[in-house]
Amino acid sequence: MYLNKYYKFAGFVVLALMLGGVLAVAVSEVHSFDVFWQLQSGRYMWENGSFIRTDLFTLKPDSPRYEHSWLHDLILFWTYQIAGYGGISVLKGVLVFATGAILVLVAKIRESSWAATALVFPVFMFTSGGWLERPQLWTFLLFALFVLVLEVACRRRSWLILWVFPLAVMWANLHAGSVLAIALTGAYLVGNFADGIIRKSFDRGLMIKLASALGLICTAAFATPYPEKLLNTLLFSTKLGAKVDASGKITGRSVAVFNMDWTPTTFQTEPTFFYALGVVVVIMLLGWRRLNLADVCLLAGLTLMGMKLVRHIPFFYMGALAIIPAYLDAAARPVIDRMPSPARILGWVVCLVCALWMFWIAGQPLYKTYGSFNRGLRTWHYPIEAAEFIDQNKLAANLYNTYDWGGYLAWKLFPDYSVFWDGRQTSKKMFDLGWTVMAGKPEWQEILDTFDVKTIVTRASTIDTGQRYPLLDRLRKSENWFLVFNDESSMIFVKRGSMPEAWMQKHVRPKRMMDDTILAEALLMVKVNPKRYMAWWEMSQIFLKRKDYKGALVTIRQHIARSPRPHPQALKIRDQLEQHLKKVSQQKQQSQK
């Protein structure tokens with residue numbers, strides 16, 4: 001009895017330490033691009049007392065806009081008003097921490113041991129791709145709460161299940177991911193129905209409760225300012241994301257192809273997911289004595305979601321944390337029962353040590369990237385000084401901006417300026433036009449003229465791979481656009497004749513300074529994520545231009561090592577640099593002799 005209490009206490013401490021580690025890295029600097037159009041939306045709704053129904057911050061203000069995360073927007077704005085960006089950092093960390101803690105609670109309600117729960121917990125770290133200041137965090141939390149309520153209600157055969165209704169109402173107004181509530185409840189309904197039939201222990205009362213809960217959830221989905229959009233949301237959820245063809249090329253609608261959120265899942269991009277899936281299947285097979293078809297339905301559904309889109313994979317990991325510890329216990333029970341007491345103690349210690357070790361391995365990359373309890377704003381991620389420059393100098397409207405900066409510029413400059421587009425661009429036409437300009441297509445100038453754009457605010461490179469925007473090459477060669485501002489990540493160009501001549505003479509900068517920004521942002525990008533292989537390529541090209549051949553060789557080697565498909569000239573340039581530097585070294589040695 002004494003040892004059993006000691007086991008429980010030590011297991012609790014280990015899980016508490018891991019949850020504390022999650023909180024430490026989850027409380028990190030604000031670095032999501034969407035956070036600012038959400039802040040601006042929250043401010044607009046709060047100050048005007050009305051919901052947003054059109055894309056009113058952009059140059060297409062009459063385009064319909066469905067602000068499905070309106071409640072999140074208001075909470076975000078209130079948090080900012082009270083505690084600034086640091087408060088948003090803390091809110092993010094608390095939501096992530098609460099999600100993990102609730103999933104641990106679910107595992108314990110399912111009678112999982114502390115050791116098994118601790119061994120599975122490191123998988124929660126793989127949800128970190130979604131730890132951003134975005135409404136998805138509410139979906140994480142409410143997913144965990146729904147699983148908790150469903151588990152408790154099914155075990156107790158209780159009408160506690162009716163708590164899903166207020167939770168579903170809240171979820172429907174926080175994020176469109178609330179459609180997941182229907183799937184979750186449906187999985188429990190179908191799984192328990194099938195389990196009852198197979199085991200010949202059909203519980204009619206439980207089926208009535210689950211069916212009632214499902215009906216209430218469907219009703220709750222209409223309790224939003226946009227009830228007419230529910231059907232579109234349900235239909236659109238099945239069509240989300242791009243697809244990968246036989247050649248490995250990503251295809252689909254432009255808004256899906258170029259949106260990192262909607263990246264299709266492949267083994268090449270997400271091997272950890274497929275390995276984890278294999279481990280989950282093996283553990284469930286080994287723990288077959290514990291098998292429950294509701295668990296199978298839940299994890300099968302989450303697996304299908306994860307196989308479709310990268311953004312859905314975290315739900316599989318969360319489901320695994322809640323469900324799999326019980327199966328791990330069931331798989332280990334026959335072995336444990338045959339072990340002598342000293343061996344059990346040793347095995348228990350080894351389990352907890354392994355859990356901490358796996359958590360450390362999974363958490364190290366996050367700690368290196370985010371540190372611990374870092375609050376505030378990741379300043380280089382946003383055009384802070386660029387927005388101030390526009391405002392102070394009253395640059396001519398209209399603006400063209402890169403896609404991910406539309407939210408910040410709207411937050412700082414609306415209503416004096418409307419942005420070309422932002423992260424909630426719902427008009428396919430505007431998205432296609434905006435991307436055509438960013439890609440530097442032949443019609444780029446014609447599109448800007450159509451919208452009477454006189455000022456361009458752009459970052460240097462794409463946020464996913466670090467590739468230089470082709471638009472920069474067009475601007476560098478154009479005689480109609482002048483560089484008037486640049487810093488470590490942003491550049492501002494104004495059109496000829498848009499500002500007084502005296503102002504232009506004072507502020508125009510040589511376009512060779514564009515390379516300073518490209519290089520600076522590339523360095524910042526690889527510091528945060530060295531896998532941005534095109535950032536290494538862009539650095540190598542600038543080093544070559546500046547005849548820094550050692551720097552060029554280092555960066556081009558990194559590009560080749562990290563790129564799935566290196567630039568066609570990369571290997572040739574690397575070989576030439578190696579030969580040149582070897583020759584220079586030999587000449588230096590001979591001169592010293």
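Numbering of residues begins from 1 in every chain and follows the order in which that chain's sequence is written. The predicted origin of the model limits local features to residues at a pLDDT of at least 70 and limits the giving and counting of side-chain atom pairs to 80 or more, whereas totals for whole chains, interfaces and linings rest on all residues. Heavy atoms from the whole structure form the basis of all side-chain values; hydrogens and water molecules are not counted.

1. Focus on a nonpolar patch on the surface
- Patch members must show over 30% relative accessible area and no salt bridge, and they are joined within 9 Å when carrying like charges or within 5 Å when they are nonpolar side chains of Val, Leu, Ile, Met, Phe, Trp or Tyr. Every accessible area reported is derived by Shrake-Rupley at a probe size of 1.4 Å, with residue values counting cover from the shown protein chains alone. The salt bridge criterion pairs a side-chain nitrogen of Lys or Arg with a carboxyl oxygen of Asp or Glu, the two atoms within 4 Å. Taken together, the side chains of Phe 9, Phe 12, Val 13, Leu 17 and Leu 356 define a hydrophobic patch exposed on the protein surface, amounting to about 470 Å² of accessible area.
- Numbered from the N terminus, helices here are DSSP runs of H or I no shorter than four residues, and strands are runs of E no shorter than two. Here the element with the most residues in the nonpolar patch is helix α1 (residues 2-26); it accounts for four residues.
- In this structure, Leu 356 sits in helix α14 (residues 341-370).
- With a relative accessible area of 34%, Leu 356 lands in the partly exposed category. Burial classification: accessible surface area is computed with a 1.4 Å probe over protein chains only, and a residue below 20% of its type maximum counts as buried, one above 50% as exposed, and the rest as partly exposed.

2. Structural notes on the side chain of Thr 185
- Considering the arrangement of structural elements, one finds Thr 185 in helix α7 (residues 179-199).
- For Thr 185, the contacting residues outside a window of four places in its chain are Phe 146, Leu 150, Leu 210, Ala 213, Leu 214 and Ile 217. Contact criterion: two residues are considered in contact whenever any of their non-hydrogen atoms come within 4.5 Å of each other.

3. Quick look at the pairing of strand β5 (residues 481-486)
- For β5, a buried count of five out of six residues is recorded, marking the element as mostly surrounded by other parts of the structure.
- Pairing geometry for β5 and strand β6 (residues 490-495), over five bridges, is antiparallel. Residue Phe 485 lies in a different strand from β6, and its bridge partner there is Ile 492. In short, DSSP must find at least two bridges between two strands for them to pair.

4. Focus: the packing of helix α5 (residues 136-156) against helix α13 (residues 313-337)
- Only C-alpha atoms enter the line fits that serve as axes; for helices the fit covers just the stretch in contact. Angles between N-to-C directions range over 0 to 180 degrees. Relative orientation of the contacting elements α5 and α13 amounts to 35 degrees, with a least axis distance of 11 Å. Here α5 runs over α13; the crossing is right-handed. Of the residues in α13, those in contact with Thr 139, Phe 140, Phe 143, Val 147 and Glu 151 of α5 are Pro 314, Phe 315, Met 318, Gly 319, Ala 322 and Ile 323.
- Just so you know the grouping, Ala, Val, Leu, Ile, Met, Phe, Trp, Tyr, Cys and Pro go in nonpolar, Asp, Glu, Lys and Arg go in charged, and all remaining residues, Gly too, go in polar. Of the residues in the contact of α5 with α13, the class split is eight nonpolar, two polar and one charged. Handedness of a crossing is defined here by the sense of rotation of the near helix relative to the far one, left-handed for an anticlockwise turn of less than a right angle and right-handed for a clockwise turn.

5. Side note on the pairing of strand β4 (residues 455-459)
- Counting buried positions over the five residues of β4 gives five, a clear majority of the element.
- The side-chain alternation of β4 yields two buried faces, one formed by Thr 455, Val 457 and Arg 459 and the other by Ile 456 and Thr 458.

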